[in-house]
Structures are given as structure tokens and as C-alpha cells.
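Chain and residue survey
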Amino acid sequence: MGDGARRRLVVAITVLAVVLGYALVVPWLGGVDDRLTDFAEARRAPSGQWWFGTDAAGRSLFTRIAAALRTSLVVAVCAAAVSTVLGVLVGGVSALVGGRVDRILMRFADTANALPHLLLGIVIVALFRGNTLAVVLSIGLTHWVQVARIVRAESVSLRERDYIAAAVLAGAGHTHLFTRHLLPAVAPQALIAVVLLLPHAIWHESTLSFLGFGLPPHEPSLGTLLEEARSSLLLGGWWTLVFPAGFLVATTLAVAVAGSSLRAILVPPKPSRIPR
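The present account deals with the structure reproduced in this document. (Residues numbered from 1 in each chain as written. Predicted model: local features only at pLDDT ≥ 70, side-chain atom pairs only at ≥ 80, totals over all residues. Heavy atoms only, no water.)

**Considering the overall build of the protein**
This is how it is decided: Helix and strand definitions follow DSSP, with helices as H or I runs of at least four residues and strands as E runs of at least two, each counted in order from the N terminus. Type-normalised accessible area, obtained with a 1.4 Å probe on protein chains alone, sets the label of each residue: buried when under 20%, exposed when over 50%, and partly exposed for intermediate values. Contacts are assigned to residue pairs that have any heavy atoms within 4.5 Å of one another. Every accessible area reported is derived by Shrake-Rupley at a probe size of 1.4 Å, with residue values counting cover from the shown protein chains alone.
Secondary structure assignment for the protein yields 10 helices and 0 strands. Listing the helices and strands of the protein from first to last along the sequence gives α-α-α-α-α-α-α-α-α-α. For the protein, the residues scored as buried account for 43% of the 276 residues in total. Of all intrachain contacts in the protein linking residues separated by at least 6 positions in sequence, the fraction that spans at least 24 positions is 72%. Entry remark: accessible area of the protein is about 14,800 Å², with carbon and sulfur atoms responsible for 68%.

**Topic: the nonpolar core**
Put simply, the rule is: Grouping buried Ala, Val, Leu, Ile, Met, Phe, Trp, Tyr and Cys residues that are joined through side-chain atoms within 4.5 Å yields what is termed a nonpolar core.
The biggest cluster of nonpolar side chains holds 56 residues, and the ones touching the most others in it are Tyr22, Phe52, Ile65 and Leu69. Contact partners of Leu69, with chain neighbours within four places excluded, come to Val19, Tyr22, Ala23, Leu222, Phe247 and Thr251. Formed by 6 residues, the second largest nonpolar core is a distinct cluster that contains Ala109, Ala112, Trp144 and Val145.

**As for helix 2 (residues 61-97)**
Rules: Multiplying 1.5 Å by the helix residue count minus one yields the expected span of that helix. Counting of polar contacts relies on pairs of N or O atoms within 3.5 Å, with two restrictions inside protein: one atom must be capable of donating a hydrogen and the other of accepting it, and residues adjacent in sequence are counted only when both atoms are side-chain atoms.
In this model, helix 2 (37 residues) spans 53 Å end to end at C-alpha, consistent with the 54 Å of a helix rising 1.5 Å per residue. The element helix 2 is extensively covered by neighbouring structure, given that 26 of its 37 residues are classed as buried. One side-chain oxygen of the residue at the start of helix 2 lies 3.4 Å from the amide nitrogen of Phe62, identifying that residue as Ser60. With its phi angle positive at about 70°, Gly98 sits one or two positions after the end of helix 2.

**Thoughts on the pattern of salt bridges**
Oppositely charged side chains are able to pair whenever their charged atoms sit close together. Going by this rule: Salt bridges are identified by distance alone: a Lys or Arg side-chain nitrogen within 4 Å of an Asp or Glu carboxyl oxygen.
Tallied over the full model, the rule gives 6 salt bridges. Between Arg64 and Glu228 there is a salt bridge, with its nearest N and O atoms 3.1 Å apart. With Arg64 in helix 2 and Glu228 in helix 9 (residues 222-234), this pair connects stretches of sequence that are 164 residues apart. The exposure class assigned to Arg64 is buried, which follows from its relative accessible area of 0%. Given a relative accessible area of 23%, Glu228 falls into the partly exposed group. Arg107 is the salt-bridge partner of Asp110, the closest N and O atoms lying 3.1 Å from each other.

Bear in mind that shape data such as this cannot, by itself, settle questions of function.
In C-alpha cells form, the structure reads like this:
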């Protein structure tokens, strides 16, 4: 089990390293502004000159996809970090304080989880069209509930341990317990949450941009490239869809495999008790 998880993790990290290298190195080596248009080269099929072909404005998709990956990954990492921080705060405070605060926060979490995430994200970004921060917040504010529940469950278990009881008897307050005991205990769970939230964040950003509510059209992301591919696809430009969609699927699958493998390595399943 452990060896298999490590092998999957190595494969996933290798794929992610290739994707990140492509996203970072290609725009730097190319030296060409991916926003420059050349309509004489519009909708060129993949060839030795244009490896991934060109879009409707004559821009190289090889360079555009690299820039789009960089934008989508930055948005996804920021959104996953916002979700994780919010989930750790809500789950930790709920478990440590308990009582009425715990019930109120958990009912609030249930309400947030019942709302359609995509619809709520559209409402948030519609108020600030074309704002990258709005896209980050729309994803981060709709994906924290599962993190909060995991942290709360871990914190409730932690609260019953002897050294926590000793710290409380010694006069430790909620802030001390949260920073000195709870955060170190839930750090592996938080790391795994960030990784597992990345695929959701990438797909959400792509969906919002594809629907026209996410990033502005001039800022390349995987979602905006897929939205631009709709018109080209009807004219036979299959490459405008295949290459961005391929990188989207490969990146999210690699991140998902890396997250599940990390969870298997860092948080092994508890052994089941055999009744005597």
C-alpha cells in the first residue's frame, strides 16, 4: 500500500514538474508577447512551425497554453489556500470553543455546503467582472466546508487527550491551544486539503472563464482558451480545443493523484479493532 502510493506520487510529481516547466520556461524562452495578433496566420493547423497550431487571431497556442497554465495554477493555488485557511479556522474554533459556537458554525457550514457552488461563484464574480481576486474568492469561499469538518473532527479527538487537559488545567487559553497544539496536529491534513482542492479550483476557474464570468478574454487561462475554441471548432480547428483540454485534464489528474497519494502516506488508515 505504501510503496504503491509512493510510486503514484512520483509519477504525479513528474507530470506536474513537466507541466510547470512548460508553463514557466516556454513564455520566457519564446520572448514573444502572447497577446500579439497576426491574422495572416489565423487558424493554422499544428505543424513544424506551429507545434500546437494557432488560434483565430493568429497567436501561437504553444505559447498561449503555457501562459494560460501559469495563470490557472496561480489562481488555483491562491483559491485552495483561502479555502484551507478558512476551513482550519472555522473547524478549529468550532471544536475548541464548543457549545453554542460549535453549533452555530456547523449550521453555517451546512448552509454554505447546501448552496450550489457554481451558482454562488457566478454571483460573486458577476459583481466584480474581470477581477482576478474575485475569481479567487469565489472559489475559496465555496470550498472550505469539507476542510472545516475534517479539522473539527481531528480537533475534537485532540481535545480529549491528556496533554490538552493538562494544558487547560495550567491555564492555557483558546489561542494558545489553537496555535501550539491544534495547528501542528492538523498540518498534514491542511497540506493534503490544499493539494486535493487544487483540481476543484482549476476546474472552477476554467468553468467560470468558459461561461464568460471569470478572467477577462485578454488574460489567457485554460478557461478562456476553451471559450475561444468554440467558434474555431465549428470551422475545423480541432487543435484549439484538444491541446488546452488535454493540459487541463492531465494537470488536474496529476494533482488529484498526488493528493490521494499524499493522504495515503501521511495519514494512513487506522487499523480496525478485532473483537475478542
